[in-house]
Amino acid sequence: MNGTRIAAVGHYQPAKVLTNEDLAGMVDTSDEWIRSRVGIRTRHMAGPGEPVDELAAHAAAKALASAGLAPGDIDLVLVATSTAVDRSPNMAARVAARLGIPSPAAMDVNVVCAGFTHALATADHTVRAGAATRALVIGADKMTDVTDWTDRTTCVLVGDGAGAAVVEACPDGEEPGIGPVLWGSVPEMGHAVRIEGTPSRFAQEGQSVYRWATTQLPPIARKACERAGLAPEDLAGVVLHQANLRIIEPLALKIGAVNAVVARDVVDSGNTSAASIPLAFSKLVERGEISTGDPVLLFGFGGNLSYAGQVVRCP
């Protein structure tokens, strides 16, 4: 097979917005403290009646509509998430049921903040192998469900949301629209980002993550560009995991993508874990900041100290 492409994208965020001023009334913090350390101004927060699969289904429905497809055109659903409450049915099966997708393969992918780029690579490989025709790839997380609202080092970071992409085979003669993935992990440092315990709570070793992301990841991201046959300066866009503006900006600079639009959705959305890359990517597409066919680096990193990145062509 010639390769695959992203046919369309979509995103969704809950209506409720939590500002830095709101957080200052809940915990010992301030707008200045939050902005100076992580660059976040606002984040969206889902209510008790808005589960992860609902967020995911909204984003997926928008991607399907944008692609001009019906639910029956999908035969693989992959949902990247680390905030599913139940073990079964999984998020992918629940999303398929909400959208009325008949008899798809339905799998969840839990690689935390790098989940979407792992799921996107899996969809690319599956369609290339002929095991699926068209895939719906979703990143969705409800981080506010696993947040300790008394811990100002973590509660100021998180938000809820979802983003989705439709992956399909390229037409004959068209160059692949999803480049080779570069992925891996540092398992011995997996404790640096955690969602564990009963009840589950998000915790991290912020300085360790910052040092790892800003020093170890730039050459890996550059290598992902090399695998796609591009130099970093050829990129039109860079969408990194939206963890912290103080990580995104130096990482983008060290990659060398001097001509690229760099997604900074973390300012308005906070850290939405597996949702952050498709959410930010979809917004860039929607606003016309990148154009059809533009090469864009998607690069996820975080939980497990995992990473995965690939260059894609803008739908």
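Higher on the page you've got the structure.
Below: a short report on this structure.

Conventions adopted
Residues numbered from 1 in each chain as written. Predicted model: local features only at pLDDT ≥ 70, side-chain atom pairs only at ≥ 80, totals over all residues. Heavy atoms only, no water. Pairing = 2+ DSSP bridges. Helix = DSSP H or I, 4+ residues; strand = E, 2+ residues; numbered from the N terminus. Buried < 20%, exposed > 50% of the residue type's maximum accessible area, 1.4 Å probe, protein only. Right-handed = clockwise from strand over helix to strand, strands pointing away. Axes fitted to C-alpha atoms, helices over the stretch in contact; angles between N-to-C directions. Contact = heavy atoms within 4.5 Å.

A word on the sheet that holds strand S8 (residues 182–185)
Picture the strands of a sheet paired through backbone hydrogen bonds; they go either parallel or antiparallel. One open sheet accounts for five strands, arranged S8-S14-S13-S11-S12; its pairing is mixed. Every interior strand has two partners, whereas the edge strands, S8 and strand S12 (261–262), have only one. For strand S13 (residues 295–302) and strand S14 (residues 306–313), the ladder comprises eight bridges, and the chain directions are antiparallel. From the neighbouring strand, Leu297 faces S14, where its bridge partner is Val311.

Considerations on the pairing of strand S4 (residues 76–80)
Within S4, five of the five residues are buried, which leaves the element mostly enclosed by the surrounding structure. With burial as the criterion, each face of S4 is covered, one bearing Leu76, Leu78 and Ala80 and the other bearing Val77 and Val79. Where S4 and strand S5 (residues 105–109) come together, five bridges link them in parallel fashion. Its bridge partner lying in S5, Val77 is registered against Ala106. Each parallel crossover has a hand, and for S4 linked through helix H4 (residues 91–99) to S5 it is right-handed. When S4 meets strand S6 (residues 134–142), the two strands line up parallel, connected through five bridges. Across the sheet, residue Leu76 finds its bridge partner in S6, namely Ala135.

Here we look at the sheet that holds S4
Strand order in the open sheet formed by five strands is S1-S7-S6-S4-S5, and the pairing between neighbours is mixed. Sheet topology places strand S1 (4–12) and S5 at the edges, where each strand pairs with a single neighbour. When the angles between neighbouring strand axes are averaged without regard to direction, this sheet yields 15°. The pairing of S6 with strand S7 (residues 160–169) spans nine bridges and is classified as antiparallel. By the bridge assignment for S7, Val137 is matched with Ala165. Against the sheet, helix H3 (residues 52–67) engages S1, S6 and S7, with an angle of about 130° to S1. Docked against the sheet, helix H5 (residues 115–128) engages S1, S4, S5, S6 and S7, running at close to 160° with respect to S4.

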